Every structure is written in C-alpha cells, then in structure tokens.
Amino acid sequence: MAEITGGELLARCLANEGVKFIFGLPCPEIDPLLAALETYDIRLVPIRHEAAAVHMAEGVYRTSGQVAAVLGNPGPGSANLLPGVITARHEGVPVIVITSQHRPEIVYPSPPSTFQGQDQLDVFKPVVKWGAPIFSWGRIPEIVRMAYREMWLGRPGPVHIDAPMPIMYETGEEATAPVFPPRQYRCGLPQPSEKQIQEAAELLASAKRPLVISGSGVDRSGANVALMEIVEILNCPVFSTMAGRCTVPIDHPNHIASFGSGGDVVKQEADVVLVAGSRLGNLDLPFDKYWGEADKHKFIQIDIDPRNMGVTRPITLGIVADLSPTLDGLVKALKAMKVEQKDGKDLARYRKAAQESWDREFKMVEDWPGPGIHPARAMQAVSETFGKDAIYLVDGGMTSLWAHWFLPATWPRSYHGILELGMLGIGVPYAVGAKLANPDRKVVCVTGDGAAGFNFMEMQSAARENLDITTVVMAEGQWTMEIPNEMMQYGKTFGTGMGEVRWDKVGEGLGCSGQYAEKEDEVGPALKAAKETNGPTVVCL
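Residues numbered from 1 in each chain as written. Predicted model: local features only at pLDDT ≥ 70, side-chain atom pairs only at ≥ 80, totals over all residues. Heavy atoms only, no water.

*Asks:* Would you explain the packing of helix H16 (residues 375–386) against helix H17 (residues 398–406) in this entry?
*Replies:* How two helices pack is summed up by the angle between their axes together with the distance between the axes. The interhelical angle for the contact between H16 and H17, taken along N-to-C directions, is 50°, at an axis separation of 9 Å. Considering the angle they form, H16 stands oblique to H17. Two packed elements cross with a definite hand, and for H16 against H17 that hand is right-handed. The segment H16 lies against H17, with Pro375, Ala376, Met379, Gln380 and Ser383 engaging Thr399, Trp402, Ala403 and Phe406. In the contact of H16 with H17, the residues fall into 6 nonpolar, 3 polar and no charged. (Axes fitted to C-alpha atoms, helices over the stretch in contact; angles between N-to-C directions. Helix = DSSP H or I, 4+ residues; strand = E, 2+ residues; numbered from the N terminus. Parallel < 35°, antiparallel > 145°, perpendicular 65-115°, else oblique. Left-handed = near helix turned anticlockwise from the far one by under 90°. Contact = heavy atoms within 4.5 Å. Nonpolar A, V, L, I, M, F, W, Y, C, P; charged D, E, K, R; others polar.)

Laid out in structure tokens, this is it:
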C-alpha cells in the first residue's frame, strides 16, 4: 500500500474541499505540504507579507465563492497573519489558516529557549471561529473535517489548523486515513419552513409601502435574481447596504440610495421592511433619526446566523436560513397570492427626492474649477474606462466614499471594500486574489495613498504572477479624512501629512507598468493606457 507524508495527506484533504490557492511563504516545517500541492492542482502564491496573504484569500472568496488557504511560518510568520485573519473574522469570510510549528514538545508550552516558538493556538484563539493542532498523522482528515464544519456554522469565518513539523514529515499508509466527500460529513445550510415563508409573504403582501434591503449575504448565497424578482413583484424601493453594493444593480429603477434625503423618506414611510443578508450595522446610526420610532415598522430579517437577528432594530419575523431557497420560496408564495403591484407613485416620489439630494450634494463636483483632479471626477473616469463588467476593489477612507458614489453599477460579487472592521491596505491583495479567481475579467483596485502604503509591495506579487490588474492610487499626500475634525476642533492638523509619492514609479520598480496624471484631461488617457496594458499597471493620480 502507498505511503504518503502528513503534508501530502493535508494537501489531499484541502483539494477534497475544492481549495485551489494557498497564499504564503515556504519554510522547512511545512515543505512536505508544498511539495504535494502540484499533484493536487493547488497553486502556491508567494506573498510579501502574511497579512496580505489573508486579504488575497478574501479576494478569492468574495469574488468567486471559493475558499482559499493561507500559510504562516512558526513565530513571526504566523503572527503576521493576524491582521488579515481578524479582518476575515469581522467580514465573515471563510479562510483556512495553517500555521506551521516546531516540535510540539518544545512549544506547548514554549520555554524561553525556543527560537521563534510560541503557543500559536492561544495567539489565534480570539480571532478565529475555531482552532486545533494536529498531533497525529491519522487525525489529519478528521481535523480538516472539524475545521470545515466550524467554518460554515452560522456566519462563515476563518478557522485555524496548527501543523507541527514532525506530523508533516511523518508517513503512513494512505488507505488508513480515508478522505470523505464533504457531503458525507457536512449537512447543507438551514432551510426555511413553509410557515415562515408564508408569514413573510403575508406581511409583504399587506404592506402599503414595503421596502427591501439587500446585504452582502445576498451575493454569498447567490440570491440576487430572486431578491430582484421580489422587488419587481411588489414594485417597491430596494436599498443596497454599503457592504452589499453589488448585490443589486444600482442603476435599476427601483434602487434608491439609502444615504441622503431620498433614502431618509423611504425609511420614514416604509411599513414593512425585508432585510436580506444584512445586520443593519452602525453605519446607519442614529437609527431613530433616520427610521423613526422602532414600532413604526415591521421588520422581516433573513440571515444565516441567529446572532445577527434584531441587533439594531426590533424584528417582527426572523428567519435563520440560507437566503437563496428562502427568497425563492417568497417569490413562489407572492406569485401564488397574486399580489397587486404598487402603482409606482411613491417610487417616483422617492426617485425624485433621491435625485434632488444627489444634485444638491454633488453640485460641487460639477462646479469644480480645479486646480488638480477632483476625486469624484477621477472615479467617473475610471467608470467610463472600465465599465460595469470589471471587478472593483476599493480601499481607503475618503477614496472609498467617492468610489461608492461614482463607480458604476456592477455584476454580483464585483464590488468590494471593508465595511465592518475598516482595515486599510486590503485593496491591492484583494485585487490579486480576485484576478487569480477570475482570470478572464478586468480587475481594478482604487485606493487612497494612505491605504496603498500598507500592502503596495503585493504589486510585485502581481508582476511575478503576471496578473493583469490595474491599481489606481489617489495620491493626495495626506490623511484627508482626519483633517476636517482637527481643523474644526483645533485649527491645525496632527500627523496628517504623509508627503507625495510617485506611485507609478514605485510600481515600475516592482515590475509593473506605470501611468501618471496630474491634470483632469490627463486622467482618461492614463486609464485607457492602463486598460490596454497586458500585465499589472499602477496609475498615479
């Protein structure tokens, strides 16, 4: 019978779960795993910093639904994963976190004499959903099965496997450690009951002014079509949350921007609200100011995690279930009830209020006299150049806000930023992961220069892997989001000046093409040249 190493057995288990990419760096402790990856069609993508490795894995999942793995070497390499792992935990992104380890007998516990030794289970415990060590060759498949069960329990998130070197090098007979198909050890996601679907349908059918709110869970469940069918059956307004911007077409006639006076009118008047795949987070505070008294509305909340129910608004009906079958069921129930479509008068009034709000708030964009490049105009140029078919990854403070308003409507899973933890530096590694998972699509990262500074070295990873991504850096040279409060409170700023950087030149030094524009009429040609370049390009504006 064939004998294989623990590293190969772990690779076999990952391949069995559909893992196609592992992001990290090599080290002797984990080499048996790396040596087996090609056999199982798993691609190792080396990185320049381990935190970026996790962000790359996030980019893979967010744009494709595929789960990826990351590697951390003993001690500092594993510690470097932590900023990425905590981001994935906050954002609900499943990642397999593998930390290589020395001999178990010298690290659990680790004496002061151990080089790069630490109890990595304790280090990761606060930031992962679950973690465990592998202490025997034969338990590798079982540990992976346990990890995946925990990963998908409720809201997804990162799980941790600590892999000591002796177990990775140990050999055993392959037949003694069977690897089962996932369907044999994991059940599907929770399903709604017919009673819940009927109750939700009756609430929506009886509503005078229903509202649908679409969160990022709609994308993850693939429920986009069903959600929009509900909107069209009711002919009601639909909001997309900031995290769920790409879950509905923002150019659809029923879409109303939730921020601004148009959205405020909708919130105040809605009597039944269907919240799909969102927790209604704190970006919508203060709630009573925007929504009115809590008892004015009947909230129907559908989410995969019971801990998300009624967090910020009291609910009338909570359904803990997979969104896709739940919304499919709602569509069937509403059609069976022959719900009368709203006449559209309220919707027309909301659209008018939203347009007036837009014209009022963004008049300064149209009136911008210069000099320089207004960030909204830059976003408009990006939109015109790359269009709705691209995947957009946005990063930064003010840059992310301008992008939210002025980048185009996109397809599902095609617009992503950080909306819970607010971690900076995700843009470039997100773009790397997105391009690996979607090789046939244009991938555009739009980032502020403050955010770019965190993980810009991963543009060298993009060049090494020959990935055709475009990174647009808004080179303002300062932390612009911090300036207004400091000036208003103290009349001066503290540490907001970063200094100007020619990011195009930095990109060229990393093996990328570079484009530069400092006047508005130079932006379009620079972006067009980037789009036509075969390979990674940095556009400095």
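Next comes the rest of the write-up.
*Asks:* Please clarify how the layout of surface pockets should be interpreted in this entry.
*Replies:* The rolling of a water-molecule-sized probe over the atoms marks out the regions of remaining empty space. Put simply, the largest pocket is a space of about 1100 Å³. Arg155, Ser216, Gly277, Ser278 and Arg279 are the residues nearest the centre of the largest pocket, which is lined by 48 residues in total. Of all the secondary structure elements, the ones that give two or more residues to the lining of the largest pocket are helix H3 (50–64), helix H9 (216–221), strand S10 (238–240), strand S12 (298–303) and strand S15 (415–416). Counting residues per element, the lining of the largest pocket draws most heavily on H9, at 5 residues. When its volume is computed, the second largest pocket comes out at roughly 880 Å³. Around the second largest pocket sit 36 residues that line it, and Ala257, Phe259, Trp358, Phe362 and Trp405 are the ones nearest its centre. If you list the elements that add at least two residues to the lining of the second largest pocket, you get helix H11 (261–269), helix H14 (345–361) and H17. Among the residues forming the lining of the second largest pocket, the class breakdown is 19 nonpolar, 10 polar and 7 charged. (1 Å grid on protein atoms, 1.4 Å probe; cavity = no way out; pocket = protein on both sides within 12 Å on 5 of 7 lines; lining within 4 Å. Points joined across faces, edges and corners; volume = space filled by probe spheres on them.)

*Asks:* Would you mind going over empty space enclosed by the protein with me for this structure?
*Replies:* One pass over the structure, following the stated rule, counts 2 cavities of 30 Å³ or more. Counted by class, the lining of the largest cavity contains 5 nonpolar, 4 polar and 2 charged residues. Approximately 40 Å³ is the volume found for the second largest cavity. Around the second largest cavity, the lining residues are Cys13, Asn16, Pro141, Val144, Arg145, Val179, Phe180 and Tyr185. If you list the elements that add at least two residues to the lining of the second largest cavity, you get helix H1 (6–16) and helix H6 (140–151). The leading source of residues in the lining of the second largest cavity is H6, at 3 residues. Tallied by class, the residues present in the lining of the second largest cavity amount to 6 nonpolar, 1 polar and 1 charged.

Interpretation note: all reported values are geometric properties and have no functional meaning in isolation.
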